[in-house]
Amino acid sequence: MKINTEKYRCRLGEITVFRIENASGASVVLSTLGAGILEVNVPDRNGNLGNVALRYANPADYLDDDACLGKSPGRYANRIADGHLTVEGKSYQLALNAGPNSIHGGPTGFQNRIWDAEILGDGVRMTYHSADMEENFPGSLDVSATFRWSDDNVLSLTFEAVSDADTVVNLTNHVYWNLKGSDSRKILDHILKVKASCWLPIDSTHIPTGEIADVKGTPMDFLEPKKIGRDINADFPPLNIGGGYGQCWVFDNWDRGKFQDNLIELRDEETGRVLTIGSDQPGAQIYTANRVSGTPVNCTGRSYGPQEGVAIEMQNFPDAPNKPNFPSPLLRAGDRYKNRIEWRFTIKN
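Computed from a prediction, not measured in an experiment: that's the story for all the values here.

Cut-offs used in this document
- Residues numbered from 1 in each chain as written.
- Predicted model: local features only at pLDDT ≥ 70, side-chain atom pairs only at ≥ 80, totals over all residues.
- Heavy atoms only, no water.
- Helix = DSSP H or I, 4+ residues; strand = E, 2+ residues; numbered from the N terminus.
- Rg over C-alpha atoms; globule rule 2.2 N^0.38 Å.
- Contact = heavy atoms within 4.5 Å.
- Areas by Shrake-Rupley, 256 points an atom, 1.4 Å probe, with all protein chains shown as cover.
- Lys, Arg positive; Asp, Glu negative; His and termini not counted.
- Charge placed at Lys NZ, Arg CZ, Asp CG, Glu CD.
- Pairing = 2+ DSSP bridges.
- Salt bridge = Lys/Arg side-chain N within 4 Å of Asp/Glu carboxyl O.
- Buried < 20%, exposed > 50% of the residue type's maximum accessible area, 1.4 Å probe, protein only.
- Phe/Tyr/Trp six-rings, centres within 6.5 Å; stacked < 30°, edge-to-face > 60°.
- Core = buried A, V, L, I, M, F, W, Y, C linked by side-chain atoms within 4.5 Å.

Can you walk me through the overall build of the chain in this structure?
Looking only at helices and strands, one finds one helix and 26 strands in the chain. Taken over the C-alpha trace, the chain has a radius of gyration of 19 Å; the compact-globule value for 349 residues is 20 Å, and the two agree within 12%. Viewed in the frame of its principal axes, the chain has a C-alpha envelope of about 60 × 50 × 40 Å. A sequence separation of at least 24 residues applies to 65% of the contacts in the chain between residues at least 6 apart. Of the roughly 13,400 Å² that the chain leaves accessible, carbon and sulfur atoms contribute 44%. The distance from the centre of the 36 positive side-chain charges to the centre of the 45 negative ones in the chain is 3 Å.

What is the right way to read the environment of Val250 from this model?
The topology assignment puts Val250 in strand β20 (residues 246-250). Dropping the residues within four chain positions of it, Val250 is found in contact with Lys195, Ala196, Ser197, Cys198, Trp199, Leu200, Ile212, Pro282 and Phe317.

Please clarify how the sheet that holds strand β19 (residues 226-227) should be interpreted in this entry.
Note on sheets: strands pair through backbone hydrogen bonds, and any given pair is parallel or antiparallel. Reading across from one edge, β10-β11-β12-β13-β26-β22-β21-β16-β19 is the order of the nine strands in this open sheet, with antiparallel pairing throughout. Two strands close off the open sheet at either side, each with one partner strand: β10 (116-119) and β19. In this structure, β10 lies alongside strand β11 (residues 123-130), joined through four bridges in antiparallel fashion. Directly across from Asp116, in β11, lies its bridge partner Thr127.

Can you walk me through the sheet that holds strand β24 (residues 310-315) in this structure?
If you walk across this open sheet you meet the six strands as β15-β24-β23-β20-β17-β18, and the pairing is antiparallel. The open sheet terminates on both sides in strands that have one partner only, identified here as β15 (176-177) and β18 (213-214). When β15 meets β24, the two strands line up antiparallel, connected through two bridges. Across the sheet, the residue bridging to Tyr176 is Ala311, located in β24.

It is not clear to me how the pattern of salt bridges should be interpreted in this structure. Could you clarify?
Once the charged atoms of two side chains with opposite charge are near each other, the side chains can pair. Summed over the entire model, instances satisfying the criterion amount to 24 salt bridges. Its salt-bridge partner being Glu39, residue Arg19 comes within 3.4 Å of it at the nearest N-O pair. Here Arg19, found in strand β2 (residues 13-21), pairs with Glu39, found in strand β4 (residues 36-43); they are 20 residues apart in sequence, far enough to count as distant. Given a relative accessible area of 33%, Arg19 falls into the partly exposed group. Judged by relative accessible area, which is 11%, Glu39 ranks as buried. If you follow the salt bridges from partner to partner, you end up with Asp152, Arg340, Glu342 and Arg344 in one network.

Looking at this structure, how should I read the packing of aromatic side chains?
Any aromatic ring pair is given by two values, namely how distant the centres are and how the planes are angled relative to each other. Scanning the model with the defined rule gives 12 aromatic pairs in all. A centroid spacing of 5.8 Å and a plane angle of 50 degrees characterise the contact between Trp199 and Phe236, whose relative ring orientation is tilted. Of the two residues, Trp199 is situated in strand β17 (residues 198-199) and Phe236 in the loop between β19 and α1 (237-242); the sequence distance between them amounts to 37 residues. On the basis of relative accessibility, which here comes to 5%, the residue Trp199 falls in the buried class. Site record: aromatic cluster; members linked through ring pairs are Phe110, Trp115 and Tyr128.

What is the right way to look at the side chain of Lys323 in this model?
Its location among the elements puts Lys323 in the loop between β24 and β25 (330-331). For Lys323, a relative accessible area of 13% puts it in the buried group. Setting aside anything within four residues of it in sequence, one finds Lys323 in contact with Ile207, Pro208, Thr209 and Gly210.

Looking at this structure, I do not really get the nonpolar core. What am I missing?
Nonpolar side chains tend to gather and get buried jointly when the protein is soluble and globular. Of all hydrophobic cores here, the largest spans 61 residues; its most connected members are Val40, Trp177, Trp249, Ile264, Ile312 and Trp343. With five residues, the single largest contributor to this core is strand β12 (residues 141-149). Residues within four places of Val40 in sequence aside, it is in contact with Ser27, Val28, Gly50, Asn51, Val52, Ala53, Trp149, Leu155, Trp177 and Phe345. In terms of nonpolar packing, the next biggest core, distinct from the first, is built from 19 residues, Leu33, Ala67, Val292 and Tyr304 among them.

It is not clear to me how unusual backbone geometry should be interpreted in this structure. Could you clarify?
Across residues other than glycine, the phi torsion is negative in most instances, and most of the peptide bonds are trans. With omega at 10 degrees, the peptide bond leading from Gly74 into Arg75 counts as cis. In this fold, Arg75 is placed in the loop between β5 (49-51) and β6 (79-80). The backbone of Ala35 shows a phi angle near 45 degrees, a positive value even though the residue is not glycine. Looking at the secondary structure, you find Ala35 in the loop between β3 (27-31) and β4. On the basis of relative accessible area, Ala35 is assigned to the buried category, the value being 0%.

No statement about biological role is implied by the geometric values presented.
Next up, the structure:
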């Protein structure tokens, strides 16, 4: 495995970018700004390498971008209703940065911090110390994100965290995929399969109602593979609210701490590229970039627009701190939070 580094400057300081190349020449590019994934370069059916992760041309441009492109948000990824958090009977008010709600740990979150990093034999481990009451979350939290890249084109990410006080944690990565290539426009003809018989209905502000609903007979049904664009414009309340997909699916057979392979499959028939995703998390927030526009420029010199990528965020449920029937996001003092995501890239001829 070859690992090269480059340095860039932003207003927070120095960013380190790592390129990790395996024996076949396939590579990933990672950034210490937000523990980010900048590129994943994998072959198509003709052997041509191409980057399948949306990326900006300048690594410094990831700072404060609205799309959270490729970064690892926290301390709590996704939304918390009214920014209201109660931990062991004590209330905390978070910043409201998504209408009336909090999202991705607040305006700065983990995604807009420069993480420390060390090189491993097959990847990079990044670490960040979140001080007590940073973004109004209780507890001093030490978090790590360990990225590994294999010779058979599997990218894995393991998050771990320990707090000195009771707190809540929900970590994921917000990379957007386009298997045709990172500047290939719409992803509506990508074929998606999700091993989830249920999904979480939302209110008008994208907060789950608390109901866990059956996907059967709705546009949310991806139990059998179908094109993302087939039902995306259906007259269906959550699709009307978000202008497309932007909901959380509930995985079948989830059990805390249990890793499940092949929970999600994303396929592009034109290139033959297939992405399968495994995780030990209870759900996936799938977002078809409906509101993405006016981003920093990509490597061809233009901004991204709506539905040019799909984010598949393996995570706990949105607003779980306020929904007793959802899996608890509580991390008790001294306990260890851990979750793992695995992205496997293959070819279908």
